[in-house]
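Notes for the structure review
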Amino acid sequence: MITLKEALTKSKEELKELKIEMEKRAKESGLNAYIDFSSSGDGVPILIKDNIQVKDWAVTSGSEILQGYVAPYNATVIENLKSKGFSAFGRANMDEFAMGSTTETSFYGVTKNPYDKTRVSGGSSGGSASAVAGGIAIASLGSDTGGSIRQPASYCGCVGMKPTYGRVSRFGLASYASSLDQIGPLTQNVEDSAILYDAITSFDPKDSTSSNLELISIYQNLNPNRKLTIAVVDNYIAEASKDIQKAYASTVEALKDAGHTIIHKNMANTKYDIATYYIVATAEATTNLARYDGIRYGNRQKGSNLAQTYTNTRDLFGDEVKRRILLGNFVLSSGYYDAYYLKAQKVRHLIRDEFNKIFEEADLILSPVAPSVAPKIGSFHDPLEMYKSDMFTIAINLAGLPAISLPVAKSSEGMPIGLQLIGKVFNEQAVFDGALSLERAINYKK
Ligand code: GLN
């Protein structure tokens, strides 16, 4: 597949032919990465996750409950894409309401990993990652609440970037956990990631958490020769598989050889990351998902009275979504609010403070993205096992930081391994500069 940078030089006619070819290849691929081939506009085609509104397209968040729902307006990121020569093409599969780490909770069935179709693509932006890595999309948009861009990028061997909270408008993104959600790019390489990042970022008065900090083109200022101080969090690495530890060690060497300074740190609160995230995220999800009552949106299941209509409609949610609604209601209920929700908010501050402390000395932090390579389809039997696989990504959302996942090695089974570079809030330039330097040093594609 041509890169995004190359696609920007193509004529409208060439792009039109490319879309026909992409649809054909996607159908033949057997990856189940696309759930639809809608097209809007004649710009460079960007695949869009099924939770981002594109006017007049179905948008279902991978759920049965939103079957039949058509978006009445464009998300701000779609307007931004349009104004910069891009256009929305195709719907990417995802975990239902972005809840999951494997894209197995989708109403449309699992998206497969292009490196091994018996393995998952990761989640929740599994379709976005599998399509880019599998050569059937030029680039795509995903959303990342606790790792959903970076982790599938790592499992599939492409580049996934989560911007600083507030940098990309959430207007038109179906909310999962509003204080954590960010839209971001999945691409074939770091340069393309910077191009797409520049295209979607803006200040948006329609999103009250959107930042009005000045925007400078990251792509035009990319500098892979900049020397950075990169922190290695030693207690992170012990939790990762042998293959990932090996990849991590060789990446540290490559960064040193490229002239960066490595410093060693430890973080004391990482053991609370998963509990804190799953309290905050489910509490917010419970509130956000209350709107799907069969009255205002989508797929109404009639009952003999109003309460029965609610119940019948909400029974369309899948098991994982129901589990989170129950958990979210529990942690918010009187009697448990202080013990769980309030405590989690306090711990969230401690987690952020710990990152900030490291950032007093470092420009970036290098971390694994996931504790293993992409697991086999159907291998998580206990939801807690799946939650644990988020251990390296969720703290970054709790702290609102920018981070990029890029492929650095392959495991002994030939599966891609991604690592992430985490940056200070609103210092995306350092994140991209470091990532480009690392991409060149590693030369993964060769
Ligand atoms: N796996 C995490 C969850 O299920 C993260 C998902 C996401 O980032 N959307 O909550």
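Look above for the structure.
Rules used throughout
Residues numbered from 1 in each chain as written. Predicted model: local features only at pLDDT ≥ 70, side-chain atom pairs only at ≥ 80, totals over all residues. Heavy atoms only, no water. Helix = DSSP H or I, 4+ residues; strand = E, 2+ residues; numbered from the N terminus. Rg over C-alpha atoms; globule rule 2.2 N^0.38 Å. Buried < 20%, exposed > 50% of the residue type's maximum accessible area, 1.4 Å probe, protein only. Contact = heavy atoms within 4.5 Å. Lys, Arg positive; Asp, Glu negative; His and termini not counted. Charge placed at Lys NZ, Arg CZ, Asp CG, Glu CD. Pairing = 2+ DSSP bridges. Axes fitted to C-alpha atoms, helices over the stretch in contact; angles between N-to-C directions. 1 Å grid on protein atoms, 1.4 Å probe; cavity = no way out; pocket = protein on both sides within 12 Å on 5 of 7 lines; lining within 4 Å. Points joined across faces, edges and corners; volume = space filled by probe spheres on them. Nonpolar A, V, L, I, M, F, W, Y, C, P; charged D, E, K, R; others polar. Right-handed = clockwise from strand over helix to strand, strands pointing away. Polar contact = N/O pair within 3.5 Å; in protein donor to acceptor, adjacent residues only side chain to side chain. Parallel < 35°, antiparallel > 145°, perpendicular 65-115°, else oblique. Near = heavy atom within 4 Å. Areas by Shrake-Rupley, 256 points an atom, 1.4 Å probe, with all protein chains shown as cover. Core = buried A, V, L, I, M, F, W, Y, C linked by side-chain atoms within 4.5 Å.

Within the chain one finds 15 helices and 13 strands. The C-alpha atoms of the chain give 20 Å as radius of gyration, which agrees with the globular expectation for 446 residues (22 Å, within 12%). Along the first, second and third principal axes, the C-alpha atoms of the chain reach 70 × 60 × 45 Å. Taken across its 446 residues, the chain has 59% of its residues classed as buried. Pairs at least 24 apart in sequence give 75% of the contacts found in the chain among residues at least 6 apart. Treating the 48 positive side-chain charges of the chain as one cloud and the 49 negative ones as another, the clouds have centres 1 Å apart.

As a rule of thumb, non-glycine residues mostly have phi less than zero, and peptide bonds are mostly trans rather than cis. Cis geometry marks the peptide bond from Gly 123 to Ser 124; its omega dihedral reads 5 degrees. Structurally, Ser 124 can be placed in the loop between strand 5 (116–120) and helix 4 (126–133). In this structure, Asn 32 is a non-glycine residue whose phi angle is positive, near 60 degrees. Of note, Asn 32 is situated in the loop between helix 2 (12–29) and strand 1 (34–40).

Moving on, we come to the sheet that holds strand 9 (residues 229–233). An order of 1-3-2-6-8-7-12-13-11-9-10 is seen for the eleven strands of this open sheet, with the pairing classed as mixed. Strand pairing shows two members of the sheet lacking a second neighbour, strand 1 and strand 10 (261–265), which therefore form its edges. Each neighbouring strand pair of the sheet contributes to a mean axis angle of 30 degrees, computed without reference to strand direction. The pairing of strand 2 (residues 44–49) with strand 3 (residues 86–92) spans five bridges and is parallel. In the sheet register, Val 44 faces strand 3, and the bridge partner there is Phe 86. Where helix 8 (residues 242–257) meets the sheet, it contacts strand 9, strand 10, strand 11 (364–368), strand 12 (403–410) and strand 13 (416–423), and its direction lies at approximately 155 degrees from that of strand 11.

What follows is about empty space enclosed by the protein. Applying the stated criterion across every chain, the model contains two cavities of 30 Å³ or more. Counted as a void, the largest cavity has a volume near 90 Å³. In this structure, the largest cavity is lined by 16 residues; those nearest its centre are Gly 100, Gly 146, Ser 148, Tyr 277 and Asp 390. Within the lining of the largest cavity, the residues separate by chemical class into six nonpolar, eight polar and two charged. Considering only enclosed or pocket space, the second largest cavity measures out at about 30 Å³ in volume. Ser 154, Tyr 155, Ile 244, Ala 370, Ser 372, Val 373, Pro 416, Ile 417 and Gly 418 are the residues that line the second largest cavity. For the lining of the second largest cavity, the secondary-structure elements that each account for two or more residues are helix 5 (150–156) and strand 13. Ranked by residues supplied to the lining of the second largest cavity, first place goes to strand 13 with three residues. Partitioned by chemical class, the residues of the lining of the second largest cavity number six nonpolar, three polar and no charged.

The next thing to look at is the pairing of strand 3. The buried fraction of strand 3 amounts to seven of the seven residues, a majority that puts the element mostly inside the structure. One ladder, built from four bridges, connects strand 1 with strand 3; its direction is antiparallel. Bridge pairing in strand 3 links Asp 36 to Arg 91. For the crossover from strand 2 across helix 3 (residues 76–83) to strand 3, the handedness is right-handed.

For the rest of this paragraph, the subject is the environment of Gln 345. Take Gln 345: it is sitting in helix 12 (residues 337–358). Residues Gln 345 and Val 280, spaced 65 residues apart in sequence, show a C-alpha to C-alpha distance of 7.3 Å. Reaching out from Gln 345, the side chain makes a polar contact with the side chain of Tyr 341 at a distance of 2.8 Å.

Now for the packing of helix 8 against helix 15 (residues 428–442). Contact geometry for helix 8 and helix 15: axes closest at 9 Å, N-to-C directions at 105 degrees. In terms of orientation, helix 8 and helix 15 fall into the roughly perpendicular class. Counted together, Thr 251, Ala 254 and Leu 255 of helix 8 and Leu 438, Ala 441 and Ile 442 of helix 15 form the full contact between these two elements. Residues of the contact of helix 8 with helix 15, tallied by class, amount to five nonpolar, one polar and no charged.

What follows deals with the site of the ligand. Taken together, 15 residues form the shell around the ligand, and within it Thr 145, Gly 146, Ser 148, Tyr 176 and Tyr 277 come nearest. Arg 324 is positioned with one of its side-chain polar atoms (N or O) 2.9 Å from an oxygen atom of the ligand. Contact with the protein chains covers 100% of the free accessible surface of the ligand, which is 290 Å². Its residues placed into classes, the shell around the ligand shows five nonpolar, seven polar and three charged.

Attention shifts here to the side chain of His 260. By the secondary structure assignment, His 260 is in the loop between helix 8 and strand 10. The buried category is assigned to His 260, whose relative accessible area is 5%. In this structure the side chain of His 260 is engaged in a polar contact, spanning 2.8 Å, whose partner is the side chain of Ser 437. The contacts of His 260, once residues within four sequence positions are left out, are Arg 226, Lys 227, Leu 228, Ile 230, Leu 255 and Ser 437.

Phe 97, Phe 355, Ile 404 and Phe 432 are the most contacted members of the largest nonpolar core, which has 94 residues in total. Beyond its immediate stretch of four places on either side in the chain, Phe 432 contacts Met 161, Val 190, Ser 193, Ala 194, Tyr 197, Ile 218, Leu 222 and Ile 404. Counting 44 residues, the second-largest nonpolar core is a separate cluster that includes Met 22, Phe 86, Val 132 and Ile 195.

Interpretation note: all reported values are geometric properties and have no functional meaning in isolation.
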